[in-house]
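Chain and residue survey
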Amino acid sequence: MILEAKNLYKNYTKGNSIIKVLENFSFEMEKGDFVAVVGPSGAGKSTLLHILGGLEKPDDGFVLFNGENIYNNDKNLDNIRNEHFGFVFQFHYLLDDFTALENVAIPGMINGSEKDAFERARDILAKMGLESRINHFPKELSGGEQQRVAIARALINSPSVLFADEPTGNLDKDNSKIVIEEFKRLNAEGLSIILVTHDEKIASVAKRILRVEKL
Ligand SMILES: Nc1ncnc2c1ncn2[C@@H]1O[C@H](COP(=O)(O)OP(=O)(O)O)[C@@H](O)[C@H]1O
Ligand SMILES: [Mg+2]
């Protein structure tokens, strides 16, 4: 198993009321899997993705990456997030003042030389068919291109698991299709993917669907 969740619990408190989001939730994922997390708005999809991805601690339970508890110590958690996990969100969060190539290369500089990061960034963008766009700024790209650059950025440190939260939520039908094709290609190359969506059609490209309900 590459990723496991064991008996997760998560509540939020809002004023005097408690919102139960996860109750004794367990999950296993093998290397190379492609899981779509589907459920209505407010069901806890984003919370689950954040907990599995090391972005938010559960109230109780464990998340294991290659058998190791990711919340065991903070330094270890930082390493796992930087070196083994990639994230894509609904909004691309690209830096306006940097080109597509720079946006992808910058997070790659944590783990290697600047020259090496730029070479890898160029390779990843070329594989996505964005070779002719590398020197464009985000505002000079279409919504679909912006999101593909954000996916490239998530891949710069060669993660083993890619986490995506409604990555097509802000795109029209044609751009959604292109972005989803990209996820399919990456999974076929061996990348493990967890993708949150409320769109059944998008979920159908995954190998398996995990349905979450509002508690
Ligand atoms: N930081 C927070 N503080 C309080 N409530 C939250 C917080 N984050 C999420 N929630 C609540 O938890 C529930 C699940 O939210 P979320 O995981 O974002 O659902 P989804 O992604 O499926 O729409 C919702 O009722 C939401 O309002
Ligand atoms: Mg959400």
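Below or above, wherever it landed, is the structure these notes cover.

Cut-offs used in this document
Residues numbered from 1 in each chain as written. Chains lettered and ligands numbered in written order. Predicted model: local features only at pLDDT ≥ 70, side-chain atom pairs only at ≥ 80, totals over all residues. Heavy atoms only, no water. Buried < 20%, exposed > 50% of the residue type's maximum accessible area, 1.4 Å probe, protein only. Helix = DSSP H or I, 4+ residues; strand = E, 2+ residues; numbered from the N terminus. Arc of directions from axis to C-beta. Contact = heavy atoms within 4.5 Å. Polar contact = N/O pair within 3.5 Å; in protein donor to acceptor, adjacent residues only side chain to side chain. Patch = residues over 30% accessible without salt bridge, like charges linked within 9 Å, V, L, I, M, F, W, Y side chains within 5 Å. Areas by Shrake-Rupley, 256 points an atom, 1.4 Å probe, with all protein chains shown as cover. Salt bridge = Lys/Arg side-chain N within 4 Å of Asp/Glu carboxyl O. Near = heavy atom within 4 Å. Nonpolar A, V, L, I, M, F, W, Y, C, P; charged D, E, K, R; others polar. Pairing = 2+ DSSP bridges. Lys, Arg positive; Asp, Glu negative; His and termini not counted. Axes fitted to C-alpha atoms, helices over the stretch in contact; angles between N-to-C directions.

**Observations regarding helix H2 (residues 74-83)**
For H2, every residue scored as buried is listed here: Asn76, Leu77 and Ile80. Along H2, the residues classed as buried sweep out an arc of 100° about the axis, all on the same side. Residues Asp74 and Lys75 are exposed on H2 and point more than 90 degrees away from its buried face. In this structure, the buried side of H2 is in contact with strand E4 (60-65), strand E5 (68-69) and strand E6 (85-88). Of the residues flanking the start of H2, the one acting as N-cap is Asn73, its side-chain oxygen 3.1 Å from the backbone nitrogen of Lys75.

**Re a nonpolar patch on the surface**
A contiguous nonpolar surface patch, about 230 Å² in accessible area, is contributed by Leu95, Phe98 and Ile106. Its location among the elements puts Ile106 in the loop between helix H3 (100-105) and helix H4 (114-127).

**Comments concerning the site of ligand 1**
Taken together, Tyr12, Ile19, Val21, Pro40, Ser41, Gly42, Ala43, Gly44, Lys45, Ser46 and Thr47 make up the full set of residues adjacent to ligand 1. Measuring from an oxygen atom of ligand 1, one finds a backbone N or O atom of Gly44 at 3.0 Å. Within the contact set of ligand 1, an oxygen atom lies 2.9 Å away from a side-chain nitrogen or oxygen of Ser46. For ligand 1, whose accessible area on its own is 560 Å², the fraction buried by protein is 63%. Of the residues belonging to the shell around ligand 1, the class tally is 5 nonpolar, 5 polar and 1 charged.

**Things to note about the sheet that holds E4**
With respect to topology, 4 strands assemble into an open sheet ordered E2-E1-E4-E5, the strand pairing being antiparallel. Of all strands in the sheet, those bounded by a partner on one side alone are strand E2 (17-29) and E5. Two strands pair when backbone bridges link them, and strand E1 (residues 3-14) and E4 are joined in this way by 5 bridges, in the antiparallel orientation. The residue of E4 that forms the bridge with Lys6 is Phe62.

**Side note on the side chain of Lys45**
By secondary structure assignment, the location of Lys45 is in helix H1 (residues 45-52). For the buried residue Lys45, which engages in no salt bridge, the nearest side chain bearing the opposite charge is Glu166, 4.4 Å off. With near-sequence residues (within four places) excluded, Lys45 lies in contact with Val37, Val38, Gly39, Pro40, Glu166, Val196, Thr197 and Val212.

**Concerning the sheet that holds strand E9 (residues 208-211)**
Pairing within the open sheet is parallel, and its 5 strands lie in the order E6-E7-E8-E3-E9. This sheet does not close on itself; its edge strands, each paired only once, are E6 and E9. Across the sheet, the axes of successive neighbouring strands diverge by a mean angle of 20°, strand direction being ignored. Its contacts with the sheet place helix H5 (residues 143-155) against E6 and strand E7 (161-165), and it is angled at close to 165° to E6.

In short, geometric facts, not functional conclusions.
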